[in-house]
Amino acid sequence: MRFRDKLIRFFSGRYGIDELSRFLFLVYLIAAITLSIVEFFCTSPVLFAVHGLLTVLAVYVIFRTLSRSIYRRQAENRKFLALRERLIGWFRLQKSKHRDHKTHVYRKCPYCKSVLRLKKVKGEHRAACPRCAKSFDVVIR
């Protein structure tokens, strides 16, 4: 049996690389490059601890990639993707608020907590949430 066949058999059934592994590896690379630059200028016992943390991170990325617990790794990846999507959504909302600050206001629905984009017309208004179909009063100044 050739080495290639042994390698193929070893990697079959392993989880592989996903978005969380890519993100953790990118964090590892950035931290390692930054640490090597900092070590060039100074030495400190704290840097030794950071080396230890980077080693733990690298081992965890390898563990995730070679893991046979596919359902657990998928669950971890789903949680990561949900968190990433919430962060990206928050930044998109901030960008929209900044872009539309002269013509629109953003208010949260008191029932379902979704964010509504309303025209900036001064006074008291009644707004209907398209998500939960409930109405509520809005004061725009």
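Residues numbered from 1 in each chain as written. Predicted model: local features only at pLDDT ≥ 70, side-chain atom pairs only at ≥ 80, totals over all residues. Heavy atoms only, no water.

**Q** Mind showing me how you'd approach a nonpolar patch on the surface here?
**A** Taken together, the side chains of Phe25, Leu29, Ile33, Ile37, Phe40 and Phe41 define a hydrophobic patch exposed on the protein surface, amounting to about 690 Å² of accessible area. Looking at where Phe41 falls in the secondary structure, it is placed in helix H2 (residues 19-41). (Patch = residues over 30% accessible without salt bridge, like charges linked within 9 Å, V, L, I, M, F, W, Y side chains within 5 Å. Areas by Shrake-Rupley, 256 points an atom, 1.4 Å probe, with all protein chains shown as cover. Salt bridge = Lys/Arg side-chain N within 4 Å of Asp/Glu carboxyl O. Helix = DSSP H or I, 4+ residues; strand = E, 2+ residues; numbered from the N terminus.)

**Q** What exactly am I supposed to notice about the side chain of Ser114 here?
**A** When you line up the elements, Ser114 lands in the loop between strand E1 (104-108) and strand E2 (115-119). If we ignore the near neighbours within four places in the chain, the residues touching Ser114 are Arg107, Lys108, Cys109, Cys129 and Arg131. (Contact = heavy atoms within 4.5 Å.)

**Q** I keep staring at the state of the cysteines and nothing clicks. Help me out?
**A** Here, disulfide denotes a covalent bond that connects the sulfur atoms of two cysteines. Applying the stated criterion to the full structure yields zero disulfides. In this structure Cys132 is not part of a disulfide, and its nearest cysteine sulfur, from Cys109, lies 3.7 Å away. (Disulfide = S-S within 2.5 Å.)

**Q** I keep staring at the pattern of salt bridges and nothing clicks. Help me out?
**A** Pairs may arise between side chains of opposite charge once their charged atoms sit close together. Scanning the entire structure with this criterion turns up nine salt bridges. A salt bridge links Arg99 to Asp100, with the nearest nitrogen and oxygen atoms 3.1 Å apart. Classification of Arg99 by relative accessible area gives exposed; the value is 55%. Looking at Asp100, the relative accessible area reads 7%, which means it is buried. Measuring nitrogen to oxygen at the nearest pair gives 3.0 Å for the salt bridge that ties Asp100 to Arg117. Linking Asp100 in the loop between helix H4 (70-99) and E1 with Arg117 in strand E2, this pair joins segments that are 17 residues apart in sequence. (Buried < 20%, exposed > 50% of the residue type's maximum accessible area, 1.4 Å probe, protein only.)

**Q** Where do I start with the packing of H2 against H4 in this structure?
**A** Across the interface, H2 lies against H4 with an axial gap of 8 Å and an inter-helix angle of 70°. When the axis of H2 is compared with that of H4, the two are roughly perpendicular. Of the residues in H4, those touching H2 at Glu19, Leu20 and Phe23 are Glu76, Asn77, Phe80, Leu81 and Arg84. (Axes fitted to C-alpha atoms, helices over the stretch in contact; angles between N-to-C directions. Parallel < 35°, antiparallel > 145°, perpendicular 65-115°, else oblique.)

**Q** Sorry if this is basic, but what is going on with H4 here?
**A** An α-helical segment advances 3.6 residues per turn. Residues three or four places apart therefore align on the same side. Given a rise of 1.5 Å per residue, 30 residues ought to cover 44 Å, and the 42 Å separating the end C-alpha atoms of H4 matches this to within 8%. Looking only at H4, the buried set comprises Arg73, Asn77, Phe80 and Ser96. Buried residues in H4 make contact with H2, helix H3 (45-66) and E1. (Expected span 1.5 Å × (residues − 1).)

**Q** I would appreciate a short explanation of the packing of aromatic side chains in the present structure.
**A** What describes a pair of aromatic rings is the distance from one ring centre to the other and the angle between the planes of the rings. Inspection of every chain in the model, using the stated rule, returns six aromatic pairs. Judged by centre distance (5.2 Å) and plane angle (35°), the rings of Phe23 and Phe80 are tilted. Here Phe23, found in helix H2, pairs with Phe80, found in helix H4; they are 57 residues apart in sequence, far enough to count as distant. Looking at Phe23, the relative accessible area reads 39%, which means it is partly exposed. Each ring, one from Phe25 and one from Tyr28, has its centre 6.3 Å from the other, and the planes form 25°; the classification is stacked. Taken together, the residues Phe25 and Tyr28, both in helix H2 and three residues apart, mark about one turn of the helix. Note on Phe25: relative accessible area 42%, which makes it partly exposed. Residue classification places Tyr28 among the partly exposed positions, given a relative accessible area of 25%. (Phe/Tyr/Trp six-rings, centres within 6.5 Å; stacked < 30°, edge-to-face > 60°.)

So far we have only geometry, and geometry alone does not tell us how the molecule works.
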